[in-house]
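Commentary on secondary and tertiary structure
Letter by letter, the chains look like this.
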Amino acid sequence: MESLLEIMGNNPALPGPTVPVLMPVALGQTYDYLVPPGFEIAPGDFVLVPFGPQSRIGIVWDTPQGEQKPLDPKKLKALTTRIDVPPLPIMSLRFAEWVAKYTLAPLGMVARMMMSADSAFDPPKPRFGVRLVDDAPPPSKMTPARTRALQFAADGQIRSKSELAQLAACSTGVIDGLVLAGSLVDVAIPERQFPRPNPTHAQTEFTDDQAHAVSGLISAVDADNFSVTLLDGVTGSGKTEVYFEAVARTLAAGHQALIMLPEIALTSQFLDRFERRFGAKPVEWHSALAAAERGRIWKGVATGDVRCIVGARSALFLPYPQLGLIIVDEEHDQGYKQDDRVHYQGRDMCVVRGNLGKFPVVLASATPSIESHVNALHGRYRHLVLPGRFTGVDMPDVAAIDMKREGPEPGKWLAPRLVSAMTDAYAKGQQSLLFLNRRGYAPLTLCRSCGHRIECPQCTAWLVEHRFKKRLDCHHCGFSLSLPEKCPNCAAPGSLVACGPGIERVAEEVAERFPYARVALLSSDLIPSLIDMRAMIHRIEARDVDIIIGTQIVAKGHNFPDLALVGVVDGDLGLAHGADPRAGERTFQLLHQVTGRAGRAHTVGRGFVQTHLPDHPVMAAIVAGDRQAFLNYEIKTRQKGLLPPYGRLAAVIVSARDKELAERTARDIARRAPPSEKITVLGPAEAPIAIVRGRYRWRLLVRAPRDQDLQSYLRAWESDIPKLKGDIRVTLDIDPYNFF
Ligand code: ADP
Ligand code: ZN
């Protein structure tokens, strides 16, 4: 009741007490609602309120947010229901406010991310099942189906009728008959409990280096305060084993723990390892969960039943009442940046959450981001280093193949030196992996007779041929066309040629060169679900595959213990993006990770990178395996250009269906930028992909030194922009990672 009095306004002019309610919509302000007599309402409560013509769920806030107008008692509405779910912890309210302020997103949209489990708010639906009645006499009439059903029910377990019918290969009518006959009885199915991880389930023997890192993390957990530790060690050095000890310590202290992984790295290998260490599977959180399961987990986290979550980016916004540790694995991964609705960098928001909640955050990576590296360098983050692989096997020997001097014959994509190394590996019964970060068969289709290139009608992008599906797809908007037989421009039959390779084309060449090899093709469009992906990884682990061909989904999280050779088909693919300050970093990380897949268990592996730029400093560092050289080069480049983390960036993206309107608005917005000596506004310039989904796009880039308050500058700017008309859309992206 105390908290109730604190938040309730008791203005005598109003017909009763009110509370501020935040709606999960694109608004930054709370609205006051009357609390009907007899209601007990506290901050964080979810309530049903009349909102416009609808009734919607909102969150009771503890202080009014945004601009508040004087209340008109006549317009005041009352909340209708308090929803029977655990309240959002006060810490979540503070976190939402912080994220909204930093990203300049409406608070309501951040709150919406915290409610991203609709079924949690539905009234609980008890489910019914059947169980065998002990000592019941057999039914007078027996049929083979009845016998089978009773045999399966003999274990006394509760099952849904359809489940039992399926087991016994009969209709649910048979099960109903057995209930009528008194052999089975209807019972409510109890809510499944979440398995509890046991911190002392298994013990790991650590090497000296690992033990040092473990004690570093344990002392961070024991300090029970905010800290950030960069856990930096090559792939296979034992980072996961090491941070599991921090998780164990946190769980033992009675706190919840969160392990963040890029979605793609949520592999069954990882879940199995967790189970071996803690004796129970962790609770997973990712986009592929069924709706009911999302709701169950959301509530489990809120009640504290769930002790440890392993999840993708959005797991950060679950309603933890007792969070005591966050691990961000593969902290450098781009997948932590969200680029729709609320634009946020998940890794950075984890650090914010740790700071608010006064607990440690651990960032783990074999190739830390420059941002985290510089923070460690300056002592803002602790730095724990695991110097070598646990197996003691060295990192692979990597060689560059200069495509200008020793490239493949025309129409082929694999250079002779790479092919001969693959032949060698195949003869020895070893696995090889070919990496190309490009889905489909060919990135461009060209007409031989008129020179026409087939483009997406709605984007500035070529259509990518997908030969398995026999289609041309746009990778930006999803536009798709079945593969035409003649040129859409000059109608010449059979004149279309595919230009350049995608992984399907590499697979074609492999099939020609190694007709007896067993090949696995790993690409997100060919393996649509996490489940299929897991099955494929099992095949590879079981040595059922000789040659793996994949896009970046092979680079992350998977252990291929028997892999001896890695070939990067186009090492330059990542270096070409002119405007992107992280292009070099990303190329280094990806190629380092991919080549690092080779030779993990027993033998030193070999890596080959096909490149047209063997002398580029980033390429040279990859080939030499010289991370320090890469870091020195990259840090200098960022310092010189005032790029992150030495400067702060924000992107403003203006788009409209009308070409001129987009440009005019972008120029007008640019003209209204507040003058500043320190903050520079670059542009507007037409975006590199100038049209997406039929919208013309212009970009502005705002650059500020580290110590400048970029958000205040942007807010001042925003307030000077007249209300936008028509279908103009302006997107603000703080700390942009995407420069298209
Ligand atoms: P990273 O996370 O740095 O890639 P992992 O923790 O995955 O490294 O370790 C790589 C492999 O070595 C895993 O199979 C892991 O089980 C094993 N390993 C690492 N450290 C130990 C240890 N101290 N005892 C037993 N196995 C270990
Ligand atoms: Zn398109």
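Scope of this entry: the structure provided in the associated data block. (Residues numbered from 1 in each chain as written. Chains lettered and ligands numbered in written order. Predicted model: local features only at pLDDT ≥ 70, side-chain atom pairs only at ≥ 80, totals over all residues. Heavy atoms only, no water.)

The local shell around ligand 1 holds 14 residues, among which Glu205, Gly236, Lys239, Thr240 and Arg273 are the closest. At a separation of 2.9 Å, an oxygen atom of ligand 1 approaches a polar backbone atom of Gly238. In the model, an oxygen atom of ligand 1 is placed 2.8 Å from a nitrogen or oxygen of the Lys239 side chain. Protein chains shield 76% of the accessible area of ligand 1, which is 550 Å² for the free molecule. The dominant element in the shell around ligand 1, judged by the number of residues it contributes, is helix 8 (residues 239-252), at three residues. Looking at the shell around ligand 1, its residues break down into three nonpolar, seven polar and four charged. (Near = heavy atom within 4 Å. Polar contact = N/O pair within 3.5 Å; in protein donor to acceptor, adjacent residues only side chain to side chain. Areas by Shrake-Rupley, 256 points an atom, 1.4 Å probe, with all protein chains shown as cover. Helix = DSSP H or I, 4+ residues; strand = E, 2+ residues; numbered from the N terminus. Nonpolar A, V, L, I, M, F, W, Y, C, P; charged D, E, K, R; others polar.)

Here the focus is the sheet that holds strand 12 (residues 323-329). Across the sheet, which stays open at both edges, the seven strands sit in the order 10-11-9-12-15-8-16 with parallel pairing between neighbours. Because the sheet does not close on itself, it has two edges, and the strands there are strand 10 (283-285) and strand 16 (382-386). Strand-to-strand, the axes of this sheet are offset by a mean angle of 20 degrees, without reference to chain direction. One ladder, built from six bridges, connects strand 8 (residues 227-233) with strand 15 (residues 360-365); its direction is parallel. Residue pairing in the sheet places Thr229 in a bridge with Val362 of strand 15. Taken strand by strand, helix 10 (residues 291-303) contacts strand 9 (256-260), strand 10 and strand 11 (308-311), and its axis lies near 115 degrees from that of strand 10. Of the strands in this sheet, strand 8, strand 15 and strand 16 touch helix 12 (residues 370-377), which is tilted by about 110 degrees from strand 8. (Pairing = 2+ DSSP bridges. Axes fitted to C-alpha atoms, helices over the stretch in contact; angles between N-to-C directions. Contact = heavy atoms within 4.5 Å.)

All right, on to the coordination of the zinc ion (ligand 2) then. Distances from the zinc ion (ligand 2) to its protein donors, Cys456 (SG), Cys459 (SG), Cys474 (SG) and Cys477 (SG), fall within 2.3 to 2.4 Å. Geometry at the zinc ion (ligand 2) is tetrahedral, judged from its four donor atoms and the angles of 103 to 113 degrees they form at the metal. Expressed as a motif, the donor residue spacing for the zinc ion (ligand 2) is C-x2-C-x14-C-x2-C. Highlighted residues: Cys456 in the loop between strand 19 (444-447) and strand 20 (464-466) and Cys477 in the loop between strand 21 (471-473) and strand 22 (480-482), separated in sequence by 21 residues. (Donors = N, O, S within 2.8 Å, 3.2 Å for Na, K, Ca; no water. Tetrahedral: all angles 85-135°; square planar, octahedral: opposite > 155°, others 65-115°.)

Take the nonpolar core next. Counting residues in each nonpolar core, the largest one holds 80 residues, and the members touching the most others are Ile309 and Leu714. One finds Ile540, Val566, Ala598 and Ile635 within the second-largest nonpolar core, a separate group that totals 36 residues. (Core = buried A, V, L, I, M, F, W, Y, C linked by side-chain atoms within 4.5 Å. Buried < 20%, exposed > 50% of the residue type's maximum accessible area, 1.4 Å probe, protein only.)

Scanning the entire structure with this criterion turns up 37 salt bridges. Here Asp424 makes a salt bridge to Lys428, at a shortest N to O gap of 3.7 Å. Note that Asp668 is salt-bridged to Arg671, the shortest N-O span being 3.9 Å. Highlighted residues: Asp668 and Arg671, both in helix 20 (residues 659-671), separated by three residues, approximately one helical turn. (Salt bridge = Lys/Arg side-chain N within 4 Å of Asp/Glu carboxyl O.)

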